[in-house]
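Reading the structure
What follows is the residue order along each chain.
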Amino acid sequence: MYRITIDRDACDGVFACLVRDDRFVEDSEGLAAIETDDEHAVTATFDDDRRADAEQAAAACPLDAIHVESVEEDAGAVDAPANDTEEVQP
């Protein structure tokens, strides 16, 4: 599992991330967001094989606004969701 986080204070809408990982989108404020379940988020947790795409998007960001980190699965959690998101508030 891994978590993608976008630092909204650092993001300047360069969008180098969008061409490297299609989960990144432009939100209504002109900044990068993560597309998850028809919502835009600044933090999302994934359990899939696309971590390399997320890391390429993070590496391409000239402002270092994207962070990808490993997340330990909670051994006590039951039916943990594949995507955990924090929605961007307009």
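See the structure shown above.
Just so we're clear, the structure is a prediction, and the values are computed from it rather than from any experiment. (Residues numbered from 1 in each chain as written. Predicted model: local features only at pLDDT ≥ 70, side-chain atom pairs only at ≥ 80, totals over all residues. Heavy atoms only, no water.)

Further remarks concern the overall build of the protein chain. Along its length, the protein chain carries 1 helix and 6 strands. What you see in the protein chain, going N to C, is helices and strands ordered as β-β-β-β-α-β-β. Every one of the 90 residues in the protein chain was classed for burial, and the buried ones make up 38%. Contacts in the protein chain between residues at least 24 apart in sequence constitute 67% of all its contacts with a sequence separation of at least 6. Accessible surface computed for the protein chain: about 5400 Å², of which carbon and sulfur atoms make up 41%. (Helix = DSSP H or I, 4+ residues; strand = E, 2+ residues; numbered from the N terminus. Buried < 20%, exposed > 50% of the residue type's maximum accessible area, 1.4 Å probe, protein only. Contact = heavy atoms within 4.5 Å. Areas by Shrake-Rupley, 256 points an atom, 1.4 Å probe, with all protein chains shown as cover.)

A few words on the nonpolar core. Counting 19 residues, the largest nonpolar core has I4, I6, F24, I34 and I66 as its most contacted members. The set of elements that each furnish at least two residues to this core consists of strand 1 (2-6), strand 3 (32-36), strand 4 (39-46), helix 1 (51-60) and strand 5 (66-70). Excluding anything up to four places from it in sequence, I4 contacts R23, F24, I34, V42, T43, A44, F46, A54, I66, H67 and V68. (Core = buried A, V, L, I, M, F, W, Y, C linked by side-chain atoms within 4.5 Å.)

Everything listed here is a matter of geometry and, on its own, says nothing about what the molecule does.
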